[in-house]
Amino acid sequence: MSLNSLGLTADQERLYRYLLRTPQPDLPTTRAELAMPEASAVLAELRALGLIDEAMTAMPPAAAIDLLVRQRIDQALRQLADLSLAWDVLTELSEEHRSGRSVQMIEHMPDGPTVTQRLRAHLAADPNEFRHMKIRPRNVIADFEDRPFKRLLAAGLRSRTLFSTDALTDPDQEPYVRYWQALGDLHRATTEPIRHMAIVNRTVAYVQADPTQPNAGALQIRQPGIVTMLTDVFDSMWARARDLDDLPLSPVEQHVLHALTSHDTDETAARSTGMSVRKFRAHVADLMARLGAATRFQAALRAKERGWL
C-alpha cells in the first residue's frame, strides 16, 4: 500500500522505507543504493515532516502513520475552513443581487430602523441562528413590529439573547424576558460589561458605530475574521451567563420571601416589609412563577431546596 494517500511523494516514501530497513546509513551510500541523486533534498523534506531525525533515523511506523494522519486531518480542516468562505461569498452575491448594489465588508447603517430592516432581510433569507446582546431586554420603540420575529421563531430560528443583570431592577424586564423565552428566544443574564450587538448566522454582525453616541447608528460587518471573533466572544459570555431562574434573589425578593414564610397573613407580612399588601402580593406572585410553584407552601419548599431560605 502506498503512503501517497497520507501526503508523501514517491521519493519520500522510498527513502523512508529504506531508512526503516537500514539503520544509520551514510548519505553517499543511500544516494547510490536508491539511485536517488536528490536524496539530500528528500531527507530535508522528511525531517521537516518529522519522520526522521538529524542522524537519519526513521520514526517507528506506528508513530509515523499517526503523525501523517494527524497532518492530513489538519490540512483537511484548513481546506474545509477555506471552502466555508464560499458561503460568505454566496451571501454577498445574494445581497448584491437582491439590493442591486455592491456589498461592503464594513458598512455604516445610519439609524435603528435601517438596521432592523437589514436584520430582518438576512433572517428571512436564511432563518438559522441569531445572537443578540443588549443592556436591557425590553428597550423597544413604540411602533416596533415583533410579529416577523415571532414567525421566524415559530419556523425554527435558533435565537439567544444576552443581557445585563442590572436590567432586572426594572420590574417590567423579567415578564418581558419570560414572554420571549416561552416563544423560543432563549435569554441569559450576565454581570460582565456588554454592548449592543447582533450576529446573524455567523456571517454578518452589527455593532454600535459609537457606543457614546446612541444616535450614531451601527456598523454592519461582513469580514469573516471579525465576525468569527465576535461570535466566539458572545458564545464565551453565554457559557458564563446564567439562566433567569438560576440568578440569586435580589434584596427585595429575599425580604419578601422571608416575610412570606415568617408571617401568617399577607397583611402582617406586607407591614414587615414596608410595602402595601397589593405590592407584596405582586412580588409573591413573581416569586412563585420563578420557582414554578402552584402554592405558597410549595414555593417555600422549593426555595429551601435552592438554598434561598
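Residues numbered from 1 in each chain as written. Predicted model: local features only at pLDDT ≥ 70, side-chain atom pairs only at ≥ 80, totals over all residues. Heavy atoms only, no water.

1. Examining the overall build of the protein chain
Part 1 of the argument: Counting secondary structure elements, the protein chain contains 12 helices and seven strands.
Part 2 of the argument: The C-alpha radius of gyration of the protein chain comes to 31 Å, more than 25% above the 19 Å expected for a compact globule of 309 residues.
Part 3 of the argument: With the C-alpha coordinates aligned to their principal axes, the bounding extent of the protein chain is approximately 105 × 55 × 35 Å.
Part 4 of the argument: Across the 309 residues of the protein chain, 35% fall into the buried class.
Part 5 of the argument: Expressed as a percentage of contacts within the protein chain between residues at least 6 apart in sequence, the contacts between residues at least 24 apart total 65%.
Part 6 of the argument: With an accessible surface of roughly 18,000 Å², the protein chain has 56% of that area assigned to carbon and sulfur atoms.
Part 7 of the argument: Counting 37 positive and 40 negative side-chain charges, the protein chain places the centres of these two groups 6 Å from one another. (Helix = DSSP H or I, 4+ residues; strand = E, 2+ residues; numbered from the N terminus. Rg over C-alpha atoms; globule rule 2.2 N^0.38 Å. Buried < 20%, exposed > 50% of the residue type's maximum accessible area, 1.4 Å probe, protein only. Contact = heavy atoms within 4.5 Å. Areas by Shrake-Rupley, 256 points an atom, 1.4 Å probe, with all protein chains shown as cover. Lys, Arg positive; Asp, Glu negative; His and termini not counted. Charge placed at Lys NZ, Arg CZ, Asp CG, Glu CD.)

2. Digging into the pairing of strand β7 (residues 218-221)
Part 1 of the argument: Taken together, the four bridges between strand β1 (residues 106-109) and β7 define a ladder with antiparallel strand orientation. Across the sheet, H108 pairs through a bridge with L219, a residue of β7.
Part 2 of the argument: As judged from the four bridges shared by strand β6 (residues 204-208) and β7, these two strands associate in the antiparallel manner. Residue pairing for β7: Q208 is matched across the bridge by A218. (Pairing = 2+ DSSP bridges.)

3. Considerations on the packing of aromatic side chains
Part 1 of the argument: Here the structure, examined in full by the defined rule, presents five aromatic pairs.
Part 2 of the argument: Seen from their ring centres, F149 and W180 are 5.8 Å apart, and the 55° between their planes marks the pair as tilted. Of this pair, F149 sits in helix α6 (residues 147-154) while W180 is found in helix α7 (residues 173-183), placing the two residues 31 residues apart along the sequence. The residues F149 and W180 share a single accessibility class, namely buried.
Part 3 of the argument: Aromatic ring contacts, followed pair by pair, group F130, F149, Y176, Y179 and W180 into a single cluster.
Part 4 of the argument: The ring of W238 carries the charged tip of R160 above its face, separated from the ring centre by 5.2 Å. (Phe/Tyr/Trp six-rings, centres within 6.5 Å; stacked < 30°, edge-to-face > 60°. Lys NZ or Arg CZ within 6 Å of the ring centre and 35° of its normal.)

4. So, a nonpolar patch on the surface
Part 1 of the argument: Side chains of I65, V69, I73, L77 and L80 sit close together on the surface and give an oily, nonpolar patch of about 420 Å² of accessible area.
Part 2 of the argument: With respect to the helices and strands, the residue L77 is situated in helix α4 (residues 61-99). (Patch = residues over 30% accessible without salt bridge, like charges linked within 9 Å, V, L, I, M, F, W, Y side chains within 5 Å. Salt bridge = Lys/Arg side-chain N within 4 Å of Asp/Glu carboxyl O.)

5. Some thoughts on the pattern of salt bridges
Part 1 of the argument: Taken as a whole, this structure holds 19 salt bridges when the rule is applied.
Part 2 of the argument: R296 is paired through a salt bridge with D266; the nearest N and O atoms lie 2.3 Å apart. In this pair, R296 is assigned in helix α12 (residues 296-305) and D266 in helix α10 (residues 266-273), connecting sequence segments 30 residues apart.
Part 3 of the argument: By sharing partners, the salt bridges in this structure join E129, R131, R158, R160, R202 and D235 into a single network.

6. Some points on helix α3 (residues 39-49)
Part 1 of the argument: Looking at α3, one finds that the buried residues are A39, V42, L43 and L46. Taken around the axis of α3, the buried residues stretch over an arc of 105°, which confines them to a single face.
Part 2 of the argument: On its buried face, α3 sits against α1 (10-21) and α2 (27-34).
Part 3 of the argument: Immediately beyond the C-terminal end of α3, within one or two residues, lies G50, with a positive phi of roughly 85°. (Arc of directions from axis to C-beta.)

7. Considerations on the sheet that holds β1
Part 1 of the argument: Taken in spatial order, the seven strands of this open sheet run β1-β7-β6-β5-β2-β3-β4, and their pairing is mixed. Either end of the sheet is taken by a strand with one partner, and the two such strands are β1 and β4 (185-190). The average angle at which neighbouring strand axes cross in this sheet is 15°, direction not considered.
Part 2 of the argument: In the packing of helix α8 (residues 224-240) onto the sheet, contacts are made with β1, β2 (129-134), β3 (158-164), β4, β5 (197-200), β6 and β7, and the angle to β3 comes to roughly 70°. (Axes fitted to C-alpha atoms, helices over the stretch in contact; angles between N-to-C directions.)

8. A short note on the packing of α1 against α2
Part 1 of the argument: Their axes nearest at 11 Å, the elements α1 and α2 cross at an angle of 120°. Comparing their axes, α2 and α1 come out oblique. Crossing angle aside, the handedness with which α1 passes α2 is right-handed. Along its contact with α1, which presents R14, L15 and Y18, the element α2 presents T29, T30, E33 and L34.
Part 2 of the argument: Across the contact of α1 with α2, the residue classes break down as three nonpolar, two polar and two charged. (Parallel < 35°, antiparallel > 145°, perpendicular 65-115°, else oblique. Left-handed = near helix turned anticlockwise from the far one by under 90°. Nonpolar A, V, L, I, M, F, W, Y, C, P; charged D, E, K, R; others polar.)

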